[in-house]
Amino acid sequence: MPFPEPAAAGTWTWVCARAELNAERAATVAAEVAARHESLVDQGSVRMRRLHRTMAATQRRVEHRLRRSADAYRAQARRLMTANLGPASLGVVAGALGARGAALTLLGTARYEEAAIASSPRAAAAQELEFTLGEGPVHDAAETGRLVIADASTMLARWAQYTPAVTELGVRSVTAAPLCLSRTCIGVLTAFNAPGDTALAMVDDVARALFDRVLVAEPAPADDRSVVHQATGMIAARLRCPVGDALAVLRARAYAENEAIGVLALRVVNREVMFE
């Protein structure tokens, strides 16, 4: 669900979020220019080959700096977006939707979950299950940029692993609304056991109000997923595999051992668990 610029467009959160998008776009352009020059380094005269090598190296440095800037802006925007949003705030959201619980997931690069806030321990557990299993309403909403609504009659067909696990928590339906800036999904609001008609009628307005609130708020702590990303990097280095594969390995082990992925990740970071 894309949002127009809010009235308080000068707020730091908005500035950081827009700066992140602009830096990422500029970095992509620099990477494309560098790739074109790299494809020509073995063609033409000696002078032209030298020129292409120089231009390619320059554009790669520009790309690197822009991506570092985007990372910094992203971190600041996510920190500001979690402001004043604790369990009580998500409880108000759940009440507005007539839901038994609600959760807000903030997303980073490649739609990795960076932070999470939930209205209750049960909502937090449902959210953690999706993070551990790598499937569920947040993933679908973030990938498509569209509202996701599913109940007991459709959940199992969509999420074979997530549905049985979340059903044990008493979840019978889910509603997930993506929060987007331009074409980039930066978060997903999820409601559990919300009446279908209420969810359809109100979730956009509730999500918009939540989005506007976090745009103008002050910093506050949230559940940081950085330990999972750190553990994933360690596993990738250990197994010499892509980061996406390493995350899949971590999720599979957490599921097999019936352990929260965050707990397992901390054990990996503390070198209590090794992947061979």
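Note that residues are indexed from 1 along each chain, following the sequence as it is written. For this predicted model, a pLDDT threshold of at least 70 governs which residues receive local features, and a threshold of 80 or more governs which side-chain atom pairs are given and counted, while totals over whole chains, interfaces and linings are taken from all residues. The basis for every side-chain value is the complete set of non-hydrogen atoms in the structure, without hydrogens or water.

**Student:** How should I be thinking about helix H5 (residues 137-144) in this particular structure?
**Tutor:** Three or more residues of H5 are buried, namely Pro 137, Val 138, Ala 141 and Ala 142. On an axial view of H5, the arc spanned by its buried residues comes to 125°, and they lie on one face. Helix and strand definitions here come from DSSP, where helices need a minimum of 4 consecutive H or I residues and strands a minimum of 2 consecutive E residues; each element is numbered from the N-terminal end. Residue Gly 145 follows H5 closely and has a positive phi angle near 70°. Using a 1.4 Å probe on the protein chains alone, a residue whose accessible area is under 20% of its type maximum counts as buried, one over 50% counts as exposed, and one in between counts as partly exposed. It is the directions from the helix axis to the C-beta atoms that the arc portrays.

**Student:** I keep staring at the pattern of salt bridges and nothing clicks. Help me out?
**Tutor:** Two side chains carrying opposite charge are able to pair once their charged atoms lie near each other. A pairing counts as a salt bridge when a side-chain nitrogen of Lys or Arg comes within 4 Å of a carboxyl oxygen of Asp or Glu. Under the defined criterion, the tally for this structure stands at four salt bridges. Among the ionic pairs, Asp 140 bridges to Arg 158, the shortest N-O distance being 3.3 Å. One end of the pair, Asp 140, is in helix H5; the other, Arg 158, is in helix H6 (residues 155-158), and 18 residues separate them in sequence. For Arg 158, a relative accessible area of 39% gives the class partly exposed. Through salt bridges with shared partners, a single ionic network connects Glu 38, Arg 60, Glu 63 and Arg 67.

**Student:** It is not clear to me how the nonpolar core should be interpreted in this structure. Could you clarify?
**Tutor:** When a protein is soluble and globular, its nonpolar side chains tend to lie buried together. Residues grouped as a nonpolar core are buried Ala, Val, Leu, Ile, Met, Phe, Trp, Tyr and Cys residues, joined through side-chain atoms within 4.5 Å. Counting 23 residues, the largest nonpolar core has Met 155, Trp 159, Tyr 162, Val 174, Val 188 and Phe 192 as the members making the most contacts within it. For this core, the elements supplying multiple residues, two or more each, are strand E1 (101-107), helix H4 (121-133), H5, strand E3 (148-151), helix H7 (162-167), strand E4 (173-181) and strand E5 (184-192). Contacts are assigned to residue pairs that have any heavy atoms within 4.5 Å of one another. When residues no more than four places from it in sequence are discounted, the contact partners of Val 188 are Ala 103, Leu 104, Thr 105, Leu 107, Val 138, Ala 141, Ala 142, Ala 176, Ala 177 and Pro 178. Judged by nonpolar contacts, the second largest core, of 17 residues, contains Leu 90, Leu 104, Val 203 and Val 206.

Any functional reading would require information beyond the geometric quantities listed.
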